[in-house]
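So you can see what is in the structure, the chains are spelled out below.
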Amino acid sequence: MPELQPTVAVLTALPLEYKAVQAQLTAVRKREHPRGTRAAVGQLPGTPWSVALVEMGEGTLAAAALTERVMTWLEPQAVLFVGVAGSLKSDIGLGDVVVATKVYGIHGGKETPEGFLVRPEAWRASHRLTAAARDALRDDPHAHLKPIAAGDVVLAAPESALAEHLRRHYNDAAAIETEGSGVVSAVDLAGGDALVIRGISDRADADKSHTDGEGWQPRAAENAAAAAVAVLRELRPFRGGRVGGSDREVEDSEEGPHRGATGAPGATYGGDHLDFRGSTFNGPFVAKRVGRENGER
């Protein structure tokens, strides 16, 4: 059986997040990077997607480094980061899902005698993935497309200096989590598409340990995984499209081999240009015009 090329990477930080996504996949097999990183690669039923699932562990630095590895190793068409988070808004409850339209890196700034001056960083979600999420989750009252805050910290005190920092400088953030900024920054640098999907497992307050003990983490992870699946059911492979209102898949005119007059792939000369995509050169190329006997050119 030929090796399937995974087209979407789904990244998680915690084992329970990994298991929630893995339960959605079939025909799962293992792949291992030469440096030890492991991925479970499976099919998502009812979609054209092959999914590479990776548990990265906790922390922004690990998330950034391993996301970069996944991008170069598996070359996914999109990256989804799926997991749990704490709610920052009273109207976003336990078990709800927040799809990040923007990810804030909350720790940038300068400490001065006059106080802390914020130097915010933010990454917008891929428009392609956000559009798919809007279509997939439009009728779900428990799904919210909102900004999130990300930093290497667990917030469990609503009256703390960090909570006040978020209210003052990131007041549109609907949730707080840890690894999202590392993932989206790495994907952005690689020129890819990323989306962070978080299920709400606590309210980022002193009751966090209590809500965790009540089993909200696995429930929130399952809801986030279900939202990710819904998004992928809406998302088409990037080289596909709709033609004349039909479902016929076509290649983008700027990607893949050009087609000849018969529509057959593989034609490399179009009359006025040469198409070398997919070729490999080990030296310089020189083009030369050759005149025709009848004077045509």
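This is a predicted model, so every value here is computed, not measured.

J.: Please provide a residue-by-residue account of the overall build of the chain, values included.
T.: Along its length, the chain carries seven helices and 12 strands. Across the 297 residues that make up the chain, the buried fraction comes to 44%. Residue pairs in contact within the chain that sit at least 24 positions apart in sequence constitute 71% of those at least 6 positions apart. Surface exposure of the chain reaches about 16,500 Å², of which carbon and sulfur atoms provide 50%.

J.: Any details on helix 2 (residues 60-74)? Residues and values, ideally.
T.: Compared with an ideal rise of 1.5 Å per residue, which puts 15 residues at 21 Å, helix 2 spans 21 Å between its outermost C-alpha atoms and is within 8% of the ideal. Considered for burial, the residues of helix 2 that qualify are T60, A63, L66, T67, V70, M71, W73 and L74. Buried residues along helix 2 sit against strand 1 (8-12), strand 2 (26-32), strand 3 (38-43), strand 4 (50-55), strand 5 (78-87) and helix 5 (180-189). Backbone geometry just after helix 2 places E75 at a positive phi near 50°.

J.: Explain the pairing of strand 5 to me, and be specific about the residues and the numbers.
T.: Moving residue by residue along a regular strand, the side chains alternate between the two faces of the sheet. Among the 10 residues of strand 5, 10 are classified as buried, and the element is accordingly described as predominantly covered. Bridge count for strand 1 against strand 5 is four bridges, and the pairing is parallel. Bridge assignment links V8 to a residue of strand 5, and that residue is A78. Alignment of strand 5 against strand 12 (residues 194-202), held across eight bridges, turns out to be parallel. Residue L80 lies in a different strand from strand 12, and its bridge partner there is L195. Pairing geometry for strand 5 and strand 11 (residues 175-177), over two bridges, is antiparallel.

J.: Run through unusual backbone geometry, naming residues and quoting values.
T.: Even without being glycine, E75 reaches a positive phi, approximately 50°. Within the fold, E75 resides in the loop between helix 2 and strand 5. Accessibility expressed as a relative area gives 57% for E75, which makes it exposed. Of note in the backbone geometry, A204 takes a positive phi value of approximately 55° without being a glycine.

J.: Lay out the packing of aromatic side chains in plain terms, naming residues and giving numbers.
T.: For the coordinates displayed, the defined rule picks out one aromatic pair. Centre to centre, the rings of Y104 and Y170 are 4.9 Å apart; their planes meet at 55°, and the pair counts as tilted. A residue pair is termed long-range when its members are at least 10 positions apart, and Y104 in strand 6 (residues 97-105) and Y170 in the loop between helix 4 (161-169) and strand 11 qualify at 66 residues. Taking the ring centre of W216 as reference, the NZ or CZ of R219 above it sits at 4.0 Å.

J.: Break down the nonpolar core for me, citing the residues and quoting the values.
T.: One recurring pattern in soluble globular proteins is that nonpolar side chains are buried together. One finds L11, L80, L195 and I197 to be the most contacted residues of the largest nonpolar core, which totals 70 residues. The leading source of residues in this core is helix 7 (residues 216-234), at nine residues. Not counting residues up to four positions away in its chain, the partners in contact with I197 are F81, V82, G83, V97, V98, V99, A224, A227, A228 and V231. Grouped together as the second largest cluster of nonpolar side chains are 11 residues, L155, L162, L166 and Y170 included.

J.: Outline the environment of P76, supporting the account with residue identities and numerical values.
T.: Within the secondary structure, P76 sits in the loop between helix 2 and strand 5. In this structure P76 comes out as buried when scored by relative accessible area, which is 13%. In sequence terms P76 and V51 are 25 residues apart; their C-alpha atoms lie 8.8 Å from each other.

J.: Quick one: what's the story with helix 4, residue by residue and with numbers?
T.: Within the span of helix 4, buried status applies to L162, A163, H165 and L166. For helix 4, the angular spread of the buried residues around the axis is 160°, confining them to a single face. Exposed residues on helix 4 whose side chains face more than 90 degrees from its buried face are A161 and R168. Among the structural elements, strand 8 (115-118), strand 10 (143-150) and strand 11 are those in contact with the buried residues of helix 4.

J.: Can you explain the pairing of strand 12? Please cite residues and give values.
T.: A large share of strand 12 lies buried, amounting to nine of its nine residues. Where strand 6 meets strand 12, three bridges bridge the pair, whose relative direction is antiparallel. Within the sheet, the bridge partner assigned to V97 lies in strand 12 and is G199.

About the criteria used
- Along every chain, residues carry numbers that run from 1 in the direction the sequence is written.
- Residues qualify for local features only when their pLDDT is at least 70, as the model is predicted, and side-chain atom pairs are given and counted only at 80 or more; totals for whole chains, interfaces and linings, by contrast, use all residues.
- With hydrogens and water set aside, each side-chain value is computed from the structure's full complement of heavy atoms.
- The numbering of helices and of strands both runs from the N terminus, where a helix is a DSSP run of H or I of at least 4 residues and a strand a run of E of at least 2.
- Note on classification: 1.4 Å probe, protein chains only; a residue is buried when its accessible area is under 20% of the maximum for its type, exposed when over 50%, partly exposed between these limits.
- Any pair of residues with heavy atoms lying within 4.5 Å of one another is described as a contacting pair.
- In short, Shrake-Rupley with a 1.4 Å probe defines the accessible areas, and a residue's cover is counted only from the protein chains shown.
- Expected helix span is computed as 1.5 Å times (number of residues minus one).
- DSSP calls a pair of strands paired once it identifies at least 2 bridges connecting them.
- Geometry of aromatic contacts follows a simple scheme: Phe, Tyr and Trp rings, the Trp one being its six-membered ring, pair when their centres are within 6.5 Å, and the pair is stacked under 30 degrees between planes, edge-to-face over 60, tilted otherwise.
- For a Lys NZ or an Arg CZ to count as sitting over a ring, it must be within 6 Å of the ring centre and within 35 degrees of the ring normal.
- As used in this record, nonpolar core signifies buried Ala, Val, Leu, Ile, Met, Phe, Trp, Tyr and Cys residues forming a set joined through side-chain atoms within 4.5 Å.
- The directions from the helix axis to the C-beta atoms are what the arc is built from.

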